[in-house]
Amino acid sequence: SLPLKAAPELEAEGQLKAHQMLRDNQERQAFAKESVRLRGLKHATAAELFQRGVKFYRSGKLEDAARAFRRSLREMPNSPDALVNLGFVMLDLKRARQATVYFERAIKLVPDSANAYYGAGLGYAAMNQKQHAGKFLRRYIALAKNGRLVDRARAILKGMANVGQ
């Protein structure tokens, strides 16, 4: 014969099951919303996917932006703009190692891509790889000259130089 459970144990078990069912339902609803939002990406061109990635990025939907940029890259693997934008998304997602891979791929395609050098510098700085960060940030400064982020790049370089002194 099965041991009988006390009423409080039955009640707690019932609450746990109800909570799990509610959570499962919420996850299904979130997945359905995500599917609807991304359904339009299925047959989109690389340019459309890229534009959607930009839109998602600007609205703070980083995972959606990453997905759109990756899909864009599947259609056009040598798109330096998609690589650079995906790199910045990865930085915002705190995935610096992945970001640097995308930035360096973009640099191989467009050796004078200031934005790619800046992003790679930020990625290496985030990983505390000062030598690499410095190399990329200095190259960014040389390419951008008076770009809007030159002062920020110089500040990062100065901050890295002052650490440990």
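Right above here is the structure, for reference.
All of the points below concern the structure found in this document. Residue numbering note: each chain is counted from 1, following its sequence as written. In view of the model being predicted, local features appear only for residues whose pLDDT reaches at least 70, and side-chain atom pairs are presented and counted only at 80 or more, with totals across whole chains, interfaces and linings using the full set of residues. With hydrogens and water set aside, each side-chain value is computed from the structure's full complement of heavy atoms.

**Comments concerning the nonpolar core**
What makes a nonpolar core is a set of buried Ala, Val, Leu, Ile, Met, Phe, Trp, Tyr and Cys residues whose side-chain atoms join them at distances within 4.5 Å. Any residue under 20% of the maximum accessible area for its type is buried, any over 50% is exposed, and the rest in between are partly exposed; the area is computed with a 1.4 Å probe on protein chains only. Formed by 43 residues in total, the largest nonpolar core has its most connected members in Val89, Met90, Tyr118 and Tyr140. Listed by contribution, the elements that provide at least two residues to this core are α2 (46-58), α3 (62-75), α4 (80-92), α5 (96-109), α6 (114-126), α7 (130-144) and α8 (150-162). Secondary structure elements are taken from DSSP: a helix is a run of H or I of four residues or more, a strand is a run of E of two residues or more, and numbering for both begins at the N terminus. It is α4 that contributes the most residues to this core, eight residues altogether. Any two residues whose heavy atoms approach within 4.5 Å at even a single point are treated as in contact. Dropping the residues within four chain positions of it, Tyr118 is found in contact with Phe88, Leu137, Tyr140, Leu149, Arg152 and Ala153.

**Notes on the environment of Leu149**
Here Leu149 lies in the loop between α7 and α8. Linking Leu149 and Tyr118, residues 31 residues apart in sequence, is a C-alpha distance of 8.3 Å.

**Remarks on the packing of aromatic side chains**
When the centres of two rings from Phe, Tyr and Trp lie within 6.5 Å, Trp using its six-membered ring, the rings pair. Their planes under 30 degrees apart give stacked, over 60 give edge-to-face, and anything left gives tilted. Within the structure shown, the criterion is met by five aromatic pairs. Aromatic side chains Phe88 and Phe103 sit 4.9 Å apart centroid to centroid with 70° between the ring planes, which places their arrangement in the edge-to-face category. Within this pair, whereas Phe88 is found in helix α4, its partner Phe103 is found in helix α5, the two being separated by 15 residues in sequence. Here the two residues Phe88 and Phe103 agree in accessibility, since each one is buried. Their ring planes at 50° and their centres at 4.9 Å tell us that Tyr118 and Tyr140 sit as a pair that is tilted. Here Tyr140 lies in helix α7 and Tyr118 lies in helix α6, a separation of 22 residues in the sequence.

**A closer look at the pattern of salt bridges**
The working definition used for a salt bridge is a side-chain nitrogen of Lys or Arg within 4 Å of a carboxyl oxygen of Asp or Glu. Applying the stated criterion to the full structure yields three salt bridges. Across the pair Glu63 and Arg95 runs a salt bridge whose closest N-O atoms are separated by 2.7 Å. Remark: Arg95 occurs in the loop between α4 and α5 and Glu63 occurs in helix α3; sequence separation between them is 32 residues. A residue is classified by how much of its surface remains accessible, and Arg95, at 30% relative accessible area, is partly exposed. Arg67 serves as the salt-bridge partner of Asp64, at 3.0 Å between the closest nitrogen and oxygen. With Asp64 and Arg67 both in helix α3 and three residues apart, the pair spans about one turn of that helix. Under the relative-accessibility criterion, Asp64 is labelled buried at 5%.

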